[in-house]
Each structure stands twice: as C-alpha cells, then as structure tokens.
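So the chains spell out like this:
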Amino acid sequence: MRIASISDRIKRRLEMDGKRYYASDNISEYISEVEKADLIDELEEKFAGVLDTLIIDRETDPNSIDTPRRLAKMYILEIMAGRYDKDPRITSFPNDGKYDQLIVIRMDLKSMCSHHHQPVNGVCYVACMPGEEVIGLSKYTRVAQHLASRGHLQEELCEMIAYRIEKLTKSKAVGVYIKARHGCCENRGIRSSNSSTQTTVLKGELKTNPSLKQEFMDNIKLQEMNSGYL
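A few words now on the overall build of the protein chain. On a plain count of helices and strands, the protein chain comes out with nine helices and seven strands. Overall, the protein chain is about 65 × 40 × 25 Å in size when its C-alpha atoms are taken along their principal axes. The 230 residues of the protein chain split such that 40% are buried. At a minimum sequence separation of 6, the contacts of the protein chain that also span at least 24 residues come to 67%. As displayed, the protein chain has an accessible area near 13,500 Å², and 52% of this comes from carbon and sulfur atoms.

As structure tokens, then:
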C-alpha cells in the first residue's frame, strides 16, 4: 500500500472542507511549519525528476548540483510564499485626526504568472480615503506583497488587493493601479522586451466621484514621471 505523500494529505484536507486551492489561494491554515519543510523535501525530489527529464546532469555539472533543492525552497519560501504563509497581522488605529484626504502609496511588486510560471515585475499604487480607522503606511505594501506572492493573472491580483484594503480599512474609496512587465511575454511567445500591462480597480467613491478618480490618476502620472517609468 502506497503511503500518501505530504501534498496528497494536504489536498485531502482541503477537499474534505470544500476548500479551493487555485494558484492564487492561500492554504496556510491547512499546512503546518513542519509540513512545509516536508513539502520542500517532496518538491525537491520532483524537481530532480524534471531536470532528469530535461537531460541535465545533476551529479557533475557544478551549476546544476543542488538546483532541485534551490527550486523547491524558492517556490515554497519565496515566489509562492503567499500561498503557504498566514496573512500578515494588520492592526488598525482610530483616525483621531479625522484625516479626510486621499492617501496614495507606491510600492514595487513581484508576482508570478500562473499560466507559465514566469516572473511578473512592476509597480503598484494603492489609494485609500481614511475612514474611522487607519492602518500603518507600510502595511499597505505588506498586504499587497503577500497577495502577490502566488500564481496570478494581473487583473485578478489588482482586484484582490483592492478588496483586502477595502476590508481592512473600511474605507469608502479604494483604488489600485498596477503596471507590470510579464516574463511570459518577454521570455517566450512574442518575446516583446518592452511591453507592459496596466490594470486599475476602483471601489466606492473612487469609482463614482470623477474628481477623486482624477486626483488618483494625476498622482500616479506625477510619480511615474518623477521615477522615470514613463
């Protein structure tokens, strides 16, 4: 009788609870830290099989020795860590000063295309109109980067960040803009090295109030010009 692998056992738990496990989903509540290490071991063996099938000498090629281990750790601990790590702890504070002007946070963002597992690199802008409570400025970046560390489509990621910020801040005006370059366009297929994709999600008053929307877009344009991205 075959002993179930750690990945099989985790999938069984997910399926018993009716829990989806898409590339963009977080499954941290179904895997312990010990099991995460076991998953790395299992993945190392499978990546070794991939290299073997590609007819790459893992034994004597100095550039390929230990590559399966490096790949396994990279997937679980880095580029897809947002699937296996718990959501960052975010504390909100009363908006004592009753600040009622738009806040715009700019951040670098790295993700991965779930179609071809190619890197997605770009910049993300999050706009938020403070309500009764606020969160620390660094927490916007922490939330976005945690959500990005999974397999995604860019428009899906944009929507997820907006939804999470809206939920955390209870803001009536949230916006997210992402401009990114995709490895699946640069490294394969059309191999267009200068292409980028822009996506925008607007919630609440940022969607319904033209002047507030324009303020957000003007802020993006100004920062992009100053950063040299345009």
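Having seen it, we continue.
Before going further, it helps to examine the environment of Ser64. When you line up the elements, Ser64 lands in the loop between α2 (33-53) and α3 (67-79). Separated by 36 residues in the primary sequence, Ser64 and Asp100 have C-alpha atoms spaced 55 Å apart. Apart from the residues lying within four places of it in its own chain, the contact partners of Ser64 are Ile56, Asp57, Arg58 and Arg70.

Before going further, it helps to examine the state of the cysteines. The full count for this structure, using the stated rule, is zero disulfides. Note on Cys158: no disulfide assigned, nearest cysteine sulfur contributed by Cys124 at a separation of 6.6 Å. The buried category is assigned to Cys158, whose relative accessible area is 0%. In this structure Cys185 is not part of a disulfide, and its nearest cysteine sulfur, from Cys184, lies 4.5 Å away. Residue Cys185 is classed as partly exposed on the basis of its relative accessible area of 27%.

Criteria and thresholds
Residues numbered from 1 in each chain as written. Predicted model: local features only at pLDDT ≥ 70, side-chain atom pairs only at ≥ 80, totals over all residues. Heavy atoms only, no water. Helix = DSSP H or I, 4+ residues; strand = E, 2+ residues; numbered from the N terminus. Buried < 20%, exposed > 50% of the residue type's maximum accessible area, 1.4 Å probe, protein only. Contact = heavy atoms within 4.5 Å. Areas by Shrake-Rupley, 256 points an atom, 1.4 Å probe, with all protein chains shown as cover. Disulfide = S-S within 2.5 Å.

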